[in-house]
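This is what each chain is made of:
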Amino acid sequence: MAGRDLRALFSTNDRQVEAGEAFTNRQGQWQIVQSALAEHLARITAPGFSVEDLEAPRNNILTFHGVGGIGKTTLSRTLEAALAGAEGRPARWGESVWPARPALLPIRIDLARSADVDFERVVLTIRLALAAHLNRPLPAFDIALRRYWEHQHPGESLEEYLRRGGLAARFGKNLPQQMQSALSDVAQALLLPGTVGSAIGQLTGALTTAIRERRQTVRALAGCARLADLLDVEPDIDALSYYPHLLAFELAQLPAEQATVPVVLLDTFEDTGTRTHRDLERLLQRLVWLMPNAFFIVTGRGRLQWADAALEGQLDWTGPTAWPGLVGQAVPGPRTAGTPTGTDRQVLIGDFSPQDCADYLARRLTRDGQPLIDPGLRTVIAERSHGLPLYLDLAVLRFLELRRAARTPAASDFGTDFPALLTRTLADLTPDERHLLRAVSLLDAFDLPLATAAAGLSHQAAAARLAERPLVREDPFGLWPYSLHALIRSTLRDADDATDDRWTEDDWRAAAGRALAALGSQWAAGTGPDRRLLTGCLRQGLALAHDHALELGWLTDAAFAYTADYVWEPLPLPAQDGNEELATAAGALDELLSTLARRQHEHRARTAERLTAVLETGLLPTELAEMALYFKAKADRDLGHSAASRAGMRQVADGGGRYAPDAARGLAHLARTAGDFPTALATAESLGWPGRGHRVLGDIWFAHGDMDRAAAAYTAARTEAEAHGNAGEQAIAQTHLALTTAFTDPARADDELALAEQLLVGLDQRATTLTAKIAGLVRDAGGDLGDRGDLLRAEITTAGITAAAPLLELAMAFHHSACTDTAATDASIDRLNELTQDGDHAYYTDVARHLAGRASRADSAVLWTEDAEAVRTRWHQLALRRMGR
């Protein structure tokens, strides 16, 4: 549907610019309307249907709800036009699916406060529409309405009232004459003297008596069982709210050739009241209930709560039995995959898709039939709108404003939010809800306790109400189930706020502090090693602390918990600009943890560079600075920078902090790397669980070729890690166990390696994953390895984990020895000589020679914990067994 956008039209002097009021997509909603109407028509034309049945459940209502600016009013207007005839229906919607009779009569009523519509006007609007369409009196209703009018508007002509209120211009002047005709017919049937206009009380009294006496002269009206009762009661607004029953009765009496079904579109339903003041809503509900043969399409910001039994007493008909279609979950999104069933009558109007946004912008402003906004800018605006039509509308006006200022609109002109979005968002919220909305805009996601704590409220009622608003998205499977619409959230935080209750900077910082403390409490209250809760709290907490310069508090403990398990799942933290200088402790911690997560996907040199930059800021407290120093030392070790690694590990170990045991293990690894096994063994025996002593012992016995002792140590390490619930350490120990058994028992290695790969799923441990791949080569040694060795060399080089390269060459030397390929074995030994010329891992060169039955290097400086010949014999026997000797 396209019309004229007067705001845009009057925003430019360029008469060649066409400002169209574009209507985009919403075909899914039209399909829902068609399905619901077809079901409704089938129900009311079926045998046994009766408008007199006041107990049957009602399915004659459909609700579209969504955030302000999503396009509800446009949808309501388009539905009105589409139901009125094919000429008003968007081409893509196709033909209607219902028969010509009964005819559909769309009647749209805007309930917005600005329209100044009360219940009396609602009833008159429906009757006027029927008067214009049917051009005949509806006696039962018309007599009751005339009696009401005489009592409530004495001396005021209905015709004058309709003219003055604009209703006569919209629907014509038929109603007063039709009412007069109905009264005249009844007066004549009752043989009443005098003019009817001056005897309405006498007429209704006589009619009531005649109906109750079942006189033949009024048998048509006597068919309405409740007419006499309605004519007996005081004709006030409460009585008027029951008159729609009379209207339903009269519609049911129409001859087949005039059969009509009113489709009443009630727009801006949120303006009918509040959750505690439902006076108008109660009257409108009676209208819907008492006209079961009419169909109602409601558009508003919230879901109808009529199916909630807790509202009993506030409304006349409540609960799921009365309103079965209002119980189901909202139907999401503008592009539904299928047509909802008849029980899904609460439909959430979703955001525009990117294609819809581009289509809207292309058709909204045109010049000579071509889009005025260029494709690149349309894409930028569409992305920043997050699918909200109101944003697109405001962006169009900004575009025209920039052109009026003789500027060429650019993408940067649309990088800020629109204050009008803020005004629309807050319009119908209570003060508590407005306060709470600002608080939760600080959070990516929240639950009711977290929202309440962030707002500093003592009760969750406001949070529960806010969660039901369409501006809040719900993911029942999320860690926190609720989140704000992305555009509304950014607008609340970034747009100029001119509202009376706007927050100061201190208010925002106080709310951020409350939210941070609440997140810490939730993490502390979590039971078990819940990594999902840990990473979720870290992600939100770091953002709050960084944006508002808050103290780290519990984030320090959470950071240590994150690194303790060696899991390294990515933290979806905001990416730091490489040119942005770190200015807060939270920013530095954010960069530290991000670096540790990314190191599994970056070259270790880049990791060391990032960690050095974090340390140089001096923003981290001592214990977190030691964490950064420890992992920098680990990166140095992986890069083969043993001296720098040893200095860092020694500093951390001497500091006695939380990473001192890990640093001691690092020193033991460095001693082993240098071939000083007695020192490594002495250190390993003092490490215990905090320093992962069993794993260090396994590494020492593995280097000696003592695979039984190594396997026992790795098994003990895995068991100990399992007892402590440390999944990362379990995976590391199991992978080394698989490597050990790959040398001794390929069949068992299959099972051990399968378990290692299973434990590694989701942990993102790059170095350990490389070890597992090397174990696979060892298991298959003596067979056809193809180019697997070359591929692993390339992967190790890309990762920058140079410490893995000697182990790979040892595995290839084992393979070549098992194949008795002397030349290939010599090549592996030569590569090992080159890799270990700085002395690190030089013992691997001796071991490779042992596999081939050769003696150690003449200049070997390796210090074994036992006789070197015993070590040589073990490794040579492993190669011989693989050869089958």
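Residues numbered from 1 in each chain as written. Predicted model: local features only at pLDDT ≥ 70, side-chain atom pairs only at ≥ 80, totals over all residues. Heavy atoms only, no water.

Turning our attention to the overall build of the chain. Of the regular secondary structure elements, the chain holds 41 helices and eleven strands. Buried residues in the chain amount to 55% of all 885 residues. Within the chain, contacts between residues at least 6 apart in sequence are counted, and of these 70% link residues at least 24 apart. Accessible area of the chain: about 36400 Å², with a carbon and sulfur share of 51%. (Helix = DSSP H or I, 4+ residues; strand = E, 2+ residues; numbered from the N terminus. Buried < 20%, exposed > 50% of the residue type's maximum accessible area, 1.4 Å probe, protein only. Contact = heavy atoms within 4.5 Å. Areas by Shrake-Rupley, 256 points an atom, 1.4 Å probe, with all protein chains shown as cover.)

Right, let's talk about the pattern of salt bridges for a bit. Tallying each qualifying case throughout the model produces 44 salt bridges. A salt bridge links Arg 831 to Glu 809, with the nearest nitrogen and oxygen atoms 3.0 Å apart. Here the residue Arg 831 occupies a position in helix H39 (residues 822–835), and Glu 809 occupies one in helix H38 (residues 804–818), the gap between them amounting to 22 residues. Taking relative accessible area as the criterion, Glu 809 reaches 3% and is therefore assigned buried. Arg 872 serves as the salt-bridge partner of Glu 869, at 2.8 Å between the closest nitrogen and oxygen. Pair noted here: Glu 869 and Arg 872 are both in helix H41 (residues 868–883), with a separation of three residues, about one helical turn. One salt-bridge network, held together by shared partners, links Glu 156, Glu 160, Arg 163 and Arg 164. (Salt bridge = Lys/Arg side-chain N within 4 Å of Asp/Glu carboxyl O.)

Turning next to the packing of helix H34 (residues 727–744) against helix H36 (residues 766–779). One way to put it is that H34 packs onto H36 with a least axis distance of 8 Å and a crossing angle of 15 degrees. One finds that H34 runs roughly parallel with respect to H36. When the axes of H34 and H36 are compared, the crossing they make is left-handed. Residue-level inspection shows Ala 731, Ile 732, Thr 735, His 736, Ala 738, Leu 739, Ala 742 and Phe 743 of H34 in contact with H36, the latter providing Thr 768, Thr 771, Ala 772, Ile 774, Ala 775, Val 778 and Arg 779. Looking at side-chain class alone, the contact of H34 with H36 contains ten nonpolar, four polar and one charged residues. (Axes fitted to C-alpha atoms, helices over the stretch in contact; angles between N-to-C directions. Parallel < 35°, antiparallel > 145°, perpendicular 65-115°, else oblique. Left-handed = near helix turned anticlockwise from the far one by under 90°. Nonpolar A, V, L, I, M, F, W, Y, C, P; charged D, E, K, R; others polar.)

This brings us to the side chain of Ser 828. Mapped onto the elements of the fold, Ser 828 is located in helix H39. The buried category is assigned to Ser 828, whose relative accessible area is 0%.

So, about the packing of H38 against helix H40 (residues 843–851). As a packed pair, H38 and H40 sit with axes 9 Å apart at the nearest point and diverge in direction by 10 degrees. Looking at the two axes, H38 sits roughly parallel to H40. Residues Pro 806, Leu 807, Leu 810, Ala 813, Phe 814 and Ser 817 of H38 form the contact with H40, whose participating residues are Tyr 844, Val 847, Ala 848 and Leu 851. A class-by-class count of the residues in the contact of H38 with H40 yields nine nonpolar, one polar and no charged.

Taken in spatial order, the five strands of this open sheet run S4-S5-S6-S3-S7, and their pairing is parallel. Each edge of the sheet is formed by a strand with only one pairing partner; in this case those strands are strand S4 (103–110) and strand S7 (346–348). The average angle at which neighbouring strand axes cross in this sheet is 15 degrees, direction not considered. When strand S3 (residues 61–65) meets strand S6 (residues 295–300), the two strands line up parallel, connected through five bridges. Across the sheet, the residue bridging to Phe 64 is Thr 299, located in S6. Where helix H2 (residues 27–44) meets the sheet, it contacts S3, S4, strand S5 (260–267), S6 and S7, and its direction lies at approximately 165 degrees from that of S3. (Pairing = 2+ DSSP bridges.)

This part covers the packing of aromatic side chains. In the structure shown here, the tally under the stated rule is 20 aromatic pairs. Ring plane angle 70 degrees and centroid distance 6.4 Å describe the contact between Phe 269 and Trp 306, whose orientation is recorded as edge-to-face. With Phe 269 in the loop between S5 and helix H14 (279–290) and Trp 306 in the loop between S6 and S7, this pair connects stretches of sequence that are 37 residues apart. A residue is classified by how much of its surface remains accessible, and Phe 269, at 7% relative accessible area, is buried. Take Trp 306: its relative accessible area is 1%, and that puts it in the buried class. Directly above the aromatic system of Trp 289 lies the positively charged group of Arg 58, at a separation of 4.3 Å from the ring centroid. (Phe/Tyr/Trp six-rings, centres within 6.5 Å; stacked < 30°, edge-to-face > 60°. Lys NZ or Arg CZ within 6 Å of the ring centre and 35° of its normal.)

Once that is clear, we can look at the pairing of S4. Among the eight residues in S4, seven count as buried, and that is most of the element. Across eight bridges, the pairing between S4 and S5 is parallel. Bridge assignment links Ile 109 to a residue of S5, and that residue is Leu 266.

Here we take up the pairing of S6. With respect to burial, S6 is a largely interior element, six of its six residues being buried. Neither face of S6 is exposed, since Phe 295, Ile 297 and Thr 299 on one face and Phe 296, Val 298 and Gly 300 on the opposite face are all buried. As paired elements, S5 and S6 share four bridges and run parallel to each other. What sits directly across from Val 264, in S6, is Phe 296.

Before going further, it helps to spend a moment on the environment of Asp 636. You can see Asp 636 is positioned in helix H28 (residues 622–638). A residue is classified by how much of its surface remains accessible, and Asp 636, at 6% relative accessible area, is buried. Those residues in contact with Asp 636 that lie beyond four places of it in its chain are Ala 608, His 641, Ala 644 and Ser 645.

Turning to its location among the elements, Asp 821 is positioned in the loop between H38 and H39. Exposure remark for Asp 821: the relative accessible area of 34% places this residue in the partly exposed category. Note: C-alpha distance between Asp 821 and Ala 852 (31 residues apart in sequence) is 9.7 Å.

Glycine aside, residues mostly have negative phi, and peptide bonds are mostly found in the trans state. At Asp 764, a residue that is not glycine, the phi angle is positive and equals roughly 60 degrees. Looking at the secondary structure, you find Asp 764 in the loop between helix H35 (746–760) and H36. Even without glycine at this site, His 841 takes up a positive phi of about 60 degrees. Mapped onto the elements of the fold, His 841 is located in the loop between H39 and H40.

Taken as a whole, the chain shows an average pLDDT of 84; of its residues, 87% reach a score of 70 or greater. Confidence drops under a pLDDT of 50 for residues 19–23, and excluding neighbours within four residues, the segment shows 28 contacts in the predicted structure. Confidence drops under a pLDDT of 50 for residues 329–343, and excluding neighbours within four residues, the segment shows 39 contacts in the predicted structure. (pLDDT = per-residue confidence, 0-100.)

Attention now moves to the side chain of Arg 278. Looking at the element boundaries, Arg 278 is found in the loop between S5 and H14. On the accessibility criterion, Arg 278 (7% relative accessible area) is buried. Within the structure, the side chain of Arg 278 is placed 2.7 Å from the side chain of Gln 305, a separation counted as a polar contact. Reaching out from Arg 278, the side chain makes a polar contact with the side chain of Gln 314 at a distance of 3.2 Å. Apart from residues lying up to four places away in sequence, Arg 278 is in contact with Gln 305, Leu 311, Gln 314 and Leu 315. (Polar contact = N/O pair within 3.5 Å; in protein donor to acceptor, adjacent residues only side chain to side chain.)

Glancing now at the environment of Ala 671. Structurally, Ala 671 is set in helix H30 (residues 660–673). For Ala 671, a relative accessible area of 11% puts it in the buried group. Considering only alpha carbons, one finds Ala 671 and Asp 840, 169 residues apart in sequence, at a separation of 9.3 Å.

We now examine helix H27 (residues 604–617). Between its terminal C-alpha atoms H27 stretches 20 Å, which fits the 20 Å expected from 14 residues at 1.5 Å a residue. Burial in H27 covers these residues: Arg 604, Thr 607, Ala 608, Arg 610, Leu 611 and Val 614. The arc that holds the buried residues of H27, viewed along the axis, is 165 degrees, so those residues lie on one side. Residues of H27 that are buried in the fold lie against helix H26 (585–598), H28, H36 and helix H37 (788–799). Following H27 by one or two positions, Gly 618 has its phi on the positive side, about 70 degrees. (Expected span 1.5 Å × (residues − 1). Arc of directions from axis to C-beta.)

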